[in-house]
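Here is what each chain is made of, one letter per residue.
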Amino acid sequence: MSEPLTAATRRTLERLARPAPAEPVAVIVTVTSAMTATTLAAAGMTIEQQVPEPPLVMGTMTPAQALAAAHLKGVVRIELDAHDVHALDGD
């Protein structure tokens, strides 16, 4: 199984965390059907929208929270929300 963060997304989150660690970024989190948005909210995510199929949770979190959320069981993928662009593959 692949990692929840691509190398490019990880680098971007790490870069964003340095100058403004508390500034939230928009993210799209793909989760397993067993994971709930409550778990992401507990990890610091402000939930703005949920899609049941495929199971997606959209909202904001700080870069550090997004990096930490990548280690949560049930998180399949974390992407930066490029507003209307959902990159399914790529690095």
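This text goes with the structure placed above it.
What this report covers is the structure whose coordinates are included nearby. (Residues numbered from 1 in each chain as written. Predicted model: local features only at pLDDT ≥ 70, side-chain atom pairs only at ≥ 80, totals over all residues. Heavy atoms only, no water.)

Val 27, Val 29, Leu 40, Met 45 and Ile 78 are the most contacted members of the largest nonpolar core, which has 18 residues in total. For this core, the secondary structure elements donating two or more residues are strand S1 (25–31), helix H2 (37–42), strand S3 (56–61), helix H3 (63–69) and strand S4 (75–80). Leave out the neighbours within four places in its chain, and Val 27 touches Met 45, Val 57, Met 58, Gly 59, Met 61, Ile 78, Glu 79, Leu 80 and Asp 81. (Core = buried A, V, L, I, M, F, W, Y, C linked by side-chain atoms within 4.5 Å. Buried < 20%, exposed > 50% of the residue type's maximum accessible area, 1.4 Å probe, protein only. Helix = DSSP H or I, 4+ residues; strand = E, 2+ residues; numbered from the N terminus. Contact = heavy atoms within 4.5 Å.)

Pairs may arise between side chains of opposite charge once their charged atoms sit close together. Considering all chains together, one arrives at one salt bridge under this definition. For the salt bridge of Arg 77 with Glu 79, the shortest nitrogen-to-oxygen distance reads 4.0 Å. (Salt bridge = Lys/Arg side-chain N within 4 Å of Asp/Glu carboxyl O.)

Attention now moves to the sheet that holds S1. Pairing is antiparallel in the open sheet, where four strands are placed in the order S2-S3-S1-S4. Of all the strands in the sheet, the pair left with one neighbour each is strand S2 (46–51) and S4. For this sheet, the mean inter-axis angle between neighbouring strands, taken without regard to orientation, is 25°. Both S1 and S4 contribute to a ladder of five bridges, which runs antiparallel. Its bridge partner lying in S4, Val 31 is registered against Val 75. Packed onto the sheet, helix H1 (residues 7–17) meets S1 and S4 and runs at close to 60° relative to S4. (Pairing = 2+ DSSP bridges. Axes fitted to C-alpha atoms, helices over the stretch in contact; angles between N-to-C directions.)

Turning to the pairing of S2, a few remarks are in order. Pairing of S2 with S3 involves five bridges; the strand directions are antiparallel. Each residue of the ladder has a partner; that of Ile 47, found in S3, is Gly 59. Turn length for the S2-S3 hairpin, with the two strands adjacent in sequence and antiparallel, is four residues.

Turning next to the pairing of S3. The buried fraction of S3 amounts to six of the six residues, a majority that puts the element mostly inside the structure. Going residue by residue along S3, you find Leu 56, Met 58 and Thr 60 tucked away on one face and Val 57, Gly 59 and Met 61 tucked away on the opposite face as well. Where S1 and S3 come together, six bridges link them in antiparallel fashion. Counted as the bridge partner of Ala 26 is Thr 60 from S3.

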